[in-house]
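The residues making up each chain are set out below.
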Amino acid sequence: MTWVLRTLSTSIGKKQLMAVTGLLFLLFLATHLLGNMSIYGGGPAFVAYAEHLHALGKLLVAAEVLMALALIIHVLTAVVLFFENRAARPVKYAVDKSGGGRTFSSQTMPYTGLLVLGFICVHLATFSHHIVDQTTRNIFQIAVAVFSQPVYLVIYLVSMIILGFHVRHGLWSAFQTVGANHPKYMPFIEKLSIVFAVIVAIGFGSLPLIILAMR
Amino acid sequence: MSSKSINLTLKVWRQQGPKAPGRLETYKAENISTDASFLEMLDIVNERLTLEGKEPIAFDHDCREGICGMCGSVVNGRPHGPQKETTLCQLHMRHFQDGDTVYIEPFRARALPVVKDLVVDRSALDQIIAAGGFISVNTGQAPEANSLPVPKDKADLAMDAAACIGCGACIAACPNAAAMLFTSAKISQLALLPHGRPEAAKRALAMLAQMDAAGFGNCTNHKECEMECPKGISISNIARLNREFLKAALASAEEIPAATKKE
Ligand code: FES
């Protein structure tokens, strides 16, 4: 099994870890958003969705464990890459201009990533059924209580914009890293990156507002 | 085209040796013909410095026609200067305005240490090629040319990758100082051709291990390399390198070799 570790510890191996876990998160974001869209069917539909989700039992636990593992791998690998990449250029340029490749998103990945991690902690602390008691209040009531506090509302809205920027570089980047750069599909994937980033930012960002409007 | 003369202020990185501290020094480049190349402009400045009894600015060059890959500095924050798909030796002073201040710095990466002033040691790139950037052929009669058919589209892609002159601009441009574009070009030019397939797995593993050992950064898909490459090498080569490496690491019996670590 040493060959597995050796493979994963190469530069391309680390990129694969980032890409594969990143793709998992993108898949998660898509399903999470799709599920949360039930709010547009009204408070009861939202509560029913949450109950269906919890009724999955062991399957849900398995998904949670998978996500937690992916998160640990994604974050730890990111930390290693961040410091390795900084060390690779000990003397900085006096003048550093872009040739037109890097984007705001690509340059801020470590920082948007860190902020998203912070958001995940806040999100779990305010909503997770492992932390917040959901027996006396249903998920809709919990959401109303959270978003009625301006601090949380702002944290949620700003975080979704930050997440959008992270997704904008992450999506196409993951495809490129797993080697899926194809002359026919890459232009589409690059556009999808931007479209999905906007969907994530607006889709999730609209949730607190619609919940507050419904209360 | 009418030629005129311009005056520039240069801020040039001067560094006595690999261990010495370096700093930007200011020089005047006066009466420079806009028909002069960037390197000729440096020649003119150096002549004056020599006459003044000062040490001329050390910079690398050889062919001065954009094919050898020896030249290259970072000009105003851009490797090989502002002109797309142009080496520094092919950049002309007509792209600068009278009175401009021009910053000239060496390619900066831990794996490409400064030898002197603007000259960097690119032997890390040679070592990556030596690790596997070749095919093994027996000597003797040349085989019949048509016995290995090569599809035209594959030949074209291989030629595009083979256009890499190994200058190192991709590394200089990369915010992470990664050498993925270089390595991917050197792997692609062989991986795309039937002649390169027998050793493809071994080559991908060995060249990547050597690249990693040299202390380059990791690619995070900024695309700066493709933008600054004087030969317009595409990052689709990097995706191919990723595929070649994964295939070799996961599906072949080859092991990732230990690299010869550079001192
Ligand atoms: S001197 Fe040969 S490429 Fe510029």
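## A short note on the overall build of chain A
Each helix and strand in chain A was counted, giving 9 helices and 0 strands. Order of helices (α) and strands (β) in chain A, N terminus to C terminus: α-α-α-α-α-α-α-α-α. Along the first, second and third principal axes, the C-alpha atoms of chain A reach 55 × 45 × 35 Å. Per-residue burial for chain A yields a buried fraction of 42% across its 215 residues. Taking as baseline every contact in chain A between residues at least 6 positions apart, the subset at least 24 positions apart corresponds to 73%. Carbon and sulfur atoms form 76% of the exposed surface of chain A, whose accessible area is close to 11600 Å². Counting 14 positive and 6 negative side-chain charges, chain A places the averaged centre of each group 12 Å from the other.

## Points about the overall build of chain B
Each helix and strand in chain B was counted, giving 8 helices and 7 strands. Principal-axis analysis of the C-alpha atoms gives chain B an extent of 60 × 45 × 40 Å. Looking at chain B residue by residue over its 263 residues, the buried ones come to 51%. When contacts within chain B are restricted to residue pairs at least 6 apart in sequence, those whose partners lie at least 24 apart make up 71%.

## Digging into a nonpolar patch on the surface
Side chains of M1 and W3 of chain A together with L250 of chain B sit close together on the surface and give an oily, nonpolar patch of about 380 Å² of accessible area. The residue L250 of chain B is located in helix α8 (residues 236-251) in this model. With a relative accessible area of 54%, L250 of chain B lands in the exposed category.

## Observations concerning the side chain of S188 of chain B
Residues and elements named next belong to chain B. Turning to its location among the elements, S188 is positioned in helix α5 (residues 180-191). Judged by relative accessible area, S188 falls into the buried class, the value being 0%. Within the structure, the side chain of S188 is placed 3.1 Å from the side chain of R240, a separation counted as a polar contact.

## A look at the domain arrangement of chain B
All names here are of chain B. As far as domains go, chain B holds domain 1 (5-115) and domain 2 (123-254). Each of domain 1 and domain 2 has a C-alpha centre, and the two are 29 Å apart. Contacts between domain 1 and domain 2 engage 19 residues on the former and 20 residues on the latter. Summed over both partners, the interface of domain 1 with domain 2 comes to about 1400 Å²; 59% of that surface belongs to carbon and sulfur atoms. On the domain 1 side of the interface with domain 2, the three residues burying the most area are P79, E85 and A111, jointly 31% of the side's total. Where domain 1 touches domain 2, the interface holds 1 salt bridge. Of the charged contacts in the structure, one is a salt bridge between E228 and R78, with a shortest N-O distance of 2.6 Å. The tally of links between domain 1 and domain 2 comes to 4 residue pairs in polar contact (both at pLDDT 80 or more). Residues of the side of domain 1 that touches domain 2, tallied by class, amount to 9 nonpolar, 5 polar and 5 charged.

## A short note on the packing of aromatic side chains
One pass over the full model with this rule turns up 8 aromatic pairs over all chains. Measuring from ring centre to ring centre gives 6.1 Å for F127 of chain A and Y156 of chain A, while their planes differ by 65 degrees; the resulting arrangement is edge-to-face. Highlighted residues: F127 of chain A in helix α6 (residues 109-127) and Y156 of chain A in helix α8 (residues 150-177), separated in sequence by 29 residues. The buried category is assigned to Y156 of chain A, whose relative accessible area is 6%. Of the aromatic side chains, those joined through ring pairs into one cluster are F119, F127, F147 and Y156 of chain A. The ring of W13 of chain B carries R108 of chain B above its face, with NZ or CZ at 4.1 Å from the centroid. When the ring centre of W172 of chain A is taken as reference, the NZ or CZ atom of K223 of chain B above it lies at 4.8 Å.

## So, α8 of chain B
A turn of α-helix holds 3.6 residues, and therefore any two residues three or four places apart point the same way. When the terminal C-alpha atoms of α8 of chain B are compared, their 22 Å separation across 16 residues agrees well with the 22 Å that a helix rising 1.5 Å per residue should span. N237, I238, A239, R240, L241, N242, E244, F245, L246, A248 and A249 of chain B are the residues of α8 of chain B that are buried.

## Some words on the interface of chain A and chain B
In this complex, chain A contributes 40 residues to the contact, which on the side of chain B involves 52 residues. Interface of chain A and chain B: buried area, both sides summed, is about 3600 Å²; carbon and sulfur atoms make up 53% of it. Considering only the surface of chain A that becomes buried against chain B, I12, R89 and Y93 of chain A emerge as the three largest contributors, covering 17% of it. At the junction of chain A and chain B, the tally comes to 2 salt bridges. On the surface where chain A and chain B come into contact, there are 31 residue pairs in polar contact (both at pLDDT 80 or more). Of all the secondary-structure elements, those providing two or more residues to the side of chain A that touches chain B are α1 (2-8), α2 (11-36), α4 (58-87), α5 (104-107) and α8 of chain A. Take the side of chain A that touches chain B: its biggest share by element is 6 residues, from α2 of chain A. The residue inventory of the side of chain A that touches chain B, partitioned by class, reads 12 nonpolar, 18 polar and 10 charged.

## Describing the environment of H222 of chain B
Tracing the sequence through the fold places H222 of chain B in the loop between α6 (200-213) and α7 (224-228). Each residue touching H222 of chain B, except ones within four places of it in the same chain, is listed here: G101, R102, S106 and Q107 of chain A together with P175 and N176 of chain B. A distance of 3.2 Å separates polar atoms of two side chains, one belonging to H222 of chain B and the other to T220 of chain B.

## Quick look at unusual backbone geometry
Residue and element names in this part refer to chain B. Positioned with a positive phi, D117 is a non-glycine residue whose angle comes to about 45 degrees. By the secondary structure assignment, D117 is in the loop between β6 (114-116) and β7 (119-120). Located in the positive-phi region is A177, a residue other than glycine, with phi close to 50 degrees.

## With respect to the pairing of strand β5 (residues 101-105) of chain B
Within a regular strand, the side chains alternate between the two sheet faces. Note that strand β1 (residues 5-15) of chain B and β5 of chain B share 4 bridges and pair parallel. Each residue of the ladder has a partner; that of L10 of chain B, found in β5 of chain B, is V102 of chain B.

What counts, and at which threshold
Going along each chain's sequence as written, the residues are numbered from 1 onward. A letter from A marks each chain and a number from 1 marks each ligand, given out in the order of writing. Since the coordinates come from a predicted model, pLDDT governs what is reported: local features require at least 70, and pairs of side-chain atoms require 80 or more to be given and counted, while whole-chain, interface and lining totals use all residues. As a rule here, side-chain values cover all heavy atoms of the structure and leave hydrogens and water aside. Going along the chain from the N terminus, every DSSP run of H or I of four or more residues is numbered as a helix, and every run of E of two or more is numbered as a strand. Here's how the labels work: a residue is buried when its accessible area is under 20% of the maximum for its type, exposed when over 50%, partly exposed in between, all with a 1.4 Å probe on protein chains only. By definition, residues are in contact when any of their heavy atoms lie within 4.5 Å. Accessible surface area values rest on a Shrake-Rupley calculation with a 1.4 Å probe, where residue burial reflects the displayed protein chains alone. The convention is simple: Lys and Arg are positive, Asp and Glu are negative, and His and the chain ends are not counted. Where a charge lies is defined by one atom per residue type: Lys uses NZ, Arg uses CZ, Asp uses CG and Glu uses CD. Patches in this entry comprise residues that are over 30% relatively accessible and not in a salt bridge; like charges within 9 Å are linked, as are nonpolar side chains (Val, Leu, Ile, Met, Phe, Trp, Tyr) within 5 Å. Any Lys or Arg side-chain nitrogen located within 4 Å of an Asp or Glu carboxyl oxygen qualifies as a salt bridge. In protein, a polar contact requires one atom able to donate a hydrogen and another able to accept it; more generally it is a pair of N or O atoms within 3.5 Å, and residues adjacent in sequence count only if both atoms are side-chain atoms. As used throughout, domain bounds are those supplied by an automatic or database domain assignment. Accessible area that two parts lose when put together, evaluated with a 1.4 Å probe and summed over both, is termed the buried area. The residue classification treats Ala, Val, Leu, Ile, Met, Phe, Trp, Tyr, Cys and Pro as nonpolar and Asp, Glu, Lys and Arg as charged. All others, Gly included, are polar. Working definition: rings of Phe, Tyr and Trp (its six-membered ring) pair if their centres are within 6.5 Å, and the pair is stacked with planes under 30 degrees apart, edge-to-face with planes over 60 apart, and tilted otherwise. A ring is scored as having a charge over it whenever the NZ atom of a lysine or the CZ atom of an arginine sits within 6 Å of its centre and within 35 degrees of its normal. Helix span, as expected, comes to 1.5 Å for every residue beyond the first. Only when DSSP finds a minimum of two bridges between them are two strands counted as paired.

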